[in-house]
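What the coordinates show
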Amino acid sequence: MRRIRDLPGPPGLPLLGNLLQIDRTRLHLIAEAWCRTYGDYFRFRIGSREYLVIADPEAIAAVLRDRPDGFQRTAGLNAAAREMGFGGVFSANGEQWRRQRPMVMASFDPAHIKSYFPALVRVTRRFAGRWQRAAAAGGTIDLQADLMRYTVDVTAGLAFGADINTLESDRDVIQSHLDKVLPALFARLMAPFVLWRWIGDLALGRHLAALHRAVDGFIAAARQRMDAEPRLRARPTNLIEAMIAARDTEASGLDDADVAGNVLTMLLAGEDTTANTLAWMIYLLERNPAAMQRARDEVRAVLGAEPLPARYEQLSRLPFVEACAHETMRLKPVAPIIIKQAVRDSVVAGIAVPAGQLLVCLMRPAAVEERHFPNAQTFDPARWLADAPNRAATSARRVAMPFGAGPRLCPGRYLAMLEMKMVIGMLLGGFEVESVGAPGGGEAREQLAFTMAPVGLRMKLRQAR
């Protein structure tokens, strides 16, 4: 049995530990570099907080499966999220999580998402119109900003029955406020001292106030619908109706803060993760012309003269596009680190882990190692196809875990894959990609702000002939 203090790790300073060696926006890259030096298990310290780092996929999977009883979201994340007003299922632990999880899962199951498909097509047509206008004007597109507008519109429609249509608005849209929340949460999570409780953050406060006004509007509109149609209480059609119906049930254990917190959580989760994965996917396709051509040929064979997928069954006929999504998530996971806290004394890979211990799970190192994936650094979507000679999918989900694992597997994974195939289908069916680039050229820089995003990607399109 090993103890954490006996593990190797980067040398630090008294009191500060490794604080001065860490740039929060590059924490995943720094930890991955330490992993190459110290191996799959090491430790580092920020102030008084010591972290056990795990990069071995089997050990990570064991930790993620032992939730919520053995490991959970950190107490710091739960507290910070509640202070900011979105203590929903994402940050909840224990019984609070158990009460909320079934409603969230039901709202994002495949059957519900399939029934939402006509509305998804409508939102995607708006998105195509936005990019058509940009192509006609010869301008460049702020790729992430546009993708985030799309994912916010989709999430609001599916989860709340709200058509907020940020894609056709250039006003102060909700996405401009959402952008500020996860970076602020990550900063608070990693800060050695809780300074914000004394000095405050007026700008963040204004963004949160605007978001809470929007959330209150979603809830009020849903209550109005449910009052007009009482059947919705027994058979809710989306997440917000299910949350309200449960909240109003005696002994549900839910309150108004739980409803509001989950509404805001779904907006945040729906915006960031899928939009960033799509941005990375488009960037990697543009840098790999053979994969781009194969994806384009597949899309146009399925769509024919249509500019975007308009029938649900068309998406199942895009296996190479789906493989591109899996390969993107392997190379550019938007959650490259997952931080957990031990609920009880445990043992992980022969290491004694005391209750309260903080763990950092590094999600990428194993997924880019030759022992798991031949030519591991290469963008090769074909490795995910059923007829691939060295098919990755048979074992890859035990190594690359973009949606997590265990009981807290991401509830939005079906929607995320659907959105990715819809956007790539629309992009390659109706446009030619002239360029996708980062500021100054060269490789796109990775930046961690709770999720990992490419910095400043701009895209230029022309309409397909």
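Before any of the text, the structure's been laid out above.
Residues numbered from 1 in each chain as written. Predicted model: local features only at pLDDT ≥ 70, side-chain atom pairs only at ≥ 80, totals over all residues. Heavy atoms only, no water.

Along its length, the protein carries 19 helices and 13 strands. The C-alpha radius of gyration of the protein comes to 22 Å, within 12% of the 23 Å expected for a compact globule of 465 residues. Reported as C-alpha extents along the three principal axes, the dimensions of the protein are approximately 65 × 55 × 40 Å. The proportion of buried residues among the 465 residues of the protein is 56%. Across the protein, contacts joining residues at least 24 apart in sequence account for 74% of those joining residues at least 6 apart. Counting every atom, the protein has about 19,600 Å² of accessible surface; 53% of that belongs to carbon and sulfur. Placing the 59 positive and 49 negative side-chain charges of the protein at their respective mean positions leaves the two points 1 Å apart. (Helix = DSSP H or I, 4+ residues; strand = E, 2+ residues; numbered from the N terminus. Rg over C-alpha atoms; globule rule 2.2 N^0.38 Å. Buried < 20%, exposed > 50% of the residue type's maximum accessible area, 1.4 Å probe, protein only. Contact = heavy atoms within 4.5 Å. Areas by Shrake-Rupley, 256 points an atom, 1.4 Å probe, with all protein chains shown as cover. Lys, Arg positive; Asp, Glu negative; His and termini not counted. Charge placed at Lys NZ, Arg CZ, Asp CG, Glu CD.)

The next point concerns a nonpolar patch on the surface. Nonpolar side chains collect at one region of the surface, where L13, L15, L16 and L20 lie side by side and expose about 420 Å² of accessible area between them. By the secondary structure assignment, L13 is in the loop between β1 (2–3) and α1 (27–38). Accessibility expressed as a relative area gives 41% for L13, which makes it partly exposed. (Patch = residues over 30% accessible without salt bridge, like charges linked within 9 Å, V, L, I, M, F, W, Y side chains within 5 Å. Salt bridge = Lys/Arg side-chain N within 4 Å of Asp/Glu carboxyl O.)

Turning to the sheet that holds strand β5 (residues 141–142), a few remarks are in order. Backbone-to-backbone hydrogen bonds join strands into a sheet, with any given pair of strands oriented parallel or antiparallel. Across the sheet, 3 strands lie side by side as β5-β13-β10; this open sheet has antiparallel pairing. The open sheet has two free edges, formed respectively by β5 and β10 (431–437), since each of these has just one partner strand. Pairing of β10 with strand β13 (residues 458–463) involves 6 bridges; the strand directions are antiparallel. Looking at the pairing, V436 lines up with M459 of β13. Contacts from helix α6 (residues 117–137) reach β5, β10 and β13, with the element oriented near 90° to β13. Where helix α14 (residues 256–286) meets the sheet, its contacts fall on β10 and β13, and the angle it forms with β10 comes to roughly 95°. (Pairing = 2+ DSSP bridges. Axes fitted to C-alpha atoms, helices over the stretch in contact; angles between N-to-C directions.)

When two helices pack together, their arrangement is given by the angle between their axes and by how far apart the axes lie. Orientation of helix α15 (residues 289–303) relative to helix α19 (residues 413–430), taken along the N-to-C sense of each, is 90°, at an axis distance of 9 Å. Taken together, the axes of α15 and α19 lie roughly perpendicular to each other. Here α15 contributes M292, A295, R296, V299, R300 and L303 to the contact with α19, which in turn contributes I424, G425, L428 and G429. Class assignment for the residues of the contact of α15 with α19 results in 6 nonpolar, 2 polar and 2 charged. (Parallel < 35°, antiparallel > 145°, perpendicular 65-115°, else oblique. Nonpolar A, V, L, I, M, F, W, Y, C, P; charged D, E, K, R; others polar.)

Turning next to the environment of Q463. Examined against the element boundaries, Q463 turns out to sit in strand β13. In the structure, Q463 is positioned 327 residues away from A136 in sequence and 7.8 Å away in space, judged by C-alpha atoms. Ignoring anything within four residues of it in the chain, the contact list for Q463 reads Q132, A135, G430, F431 and E432.

Among the nonpolar cores identified, the biggest contains 145 residues, and W131, F160 and M459 are the most heavily contacted of them. The element that contributes the greatest number of residues to this core is α14, accounting for 16 residues. Those residues in contact with W131 that lie beyond four places of it in its chain are I141, L143, D146, L147, M426, L427, F431, M459 and L461. Grouped together as the second largest cluster of nonpolar side chains are 21 residues, L7, A59, I338 and A342 included. (Core = buried A, V, L, I, M, F, W, Y, C linked by side-chain atoms within 4.5 Å.)

Before going further, it helps to examine the packing of α14 against helix α17 (residues 319–331). Following both chains from N to C, one finds α14 and α17 inclined at 105°, their axes separated by 9 Å at the closest point. Accordingly, the angle class assigned to the pair α14 and α17 is roughly perpendicular. Where α14 approaches α17, its residues T277, W280, M281, L284 and L285 are matched on the opposing element by V321, C324, A325, T328 and M329. In the contact of α14 with α17, the residues fall into 8 nonpolar, 2 polar and no charged.

What follows is about the pairing of strand β9 (residues 358–362). The element β9 is largely enclosed, with a buried count of 5 among its 5 residues. Sheet topology note: the strand β3 (residues 49–54)/β9 ladder contains 4 bridges and is parallel. The residue bridging Y51 from the neighbouring strand is L358, located in β9. Relative to β9, strand β6 (residues 337–342) runs antiparallel, the two being bridged by 5 bridges. Opposite Q341, over in β9, you have L358 as the bridge partner.

So, on to the packing of aromatic side chains. Per the stated rule, a full pass over the model turns up 12 aromatic pairs. Considering the side-chain rings of W34 and F42, the 6.5 Å spacing of their centres and the 85° angle between planes classify their relative orientation as edge-to-face. There is no split in this pair, since W34 and F42 are both buried. Ring centres of F127 and W131 lie 4.4 Å apart, and the angle between their planes is 50°; on these two criteria the pair is classed as tilted. A residue pair is termed a helical-turn pair when its members lie 3 or 4 positions apart in one helix, as F127 and W131 do in helix α6 at 4 residues. Here a set of aromatic residues connected by ring pairs shows up, and it is made of W34, Y38, F42, F44 and Y51. When the ring centre of F373 is taken as reference, the NZ or CZ atom of R330 above it lies at 4.9 Å. (Phe/Tyr/Trp six-rings, centres within 6.5 Å; stacked < 30°, edge-to-face > 60°. Lys NZ or Arg CZ within 6 Å of the ring centre and 35° of its normal.)

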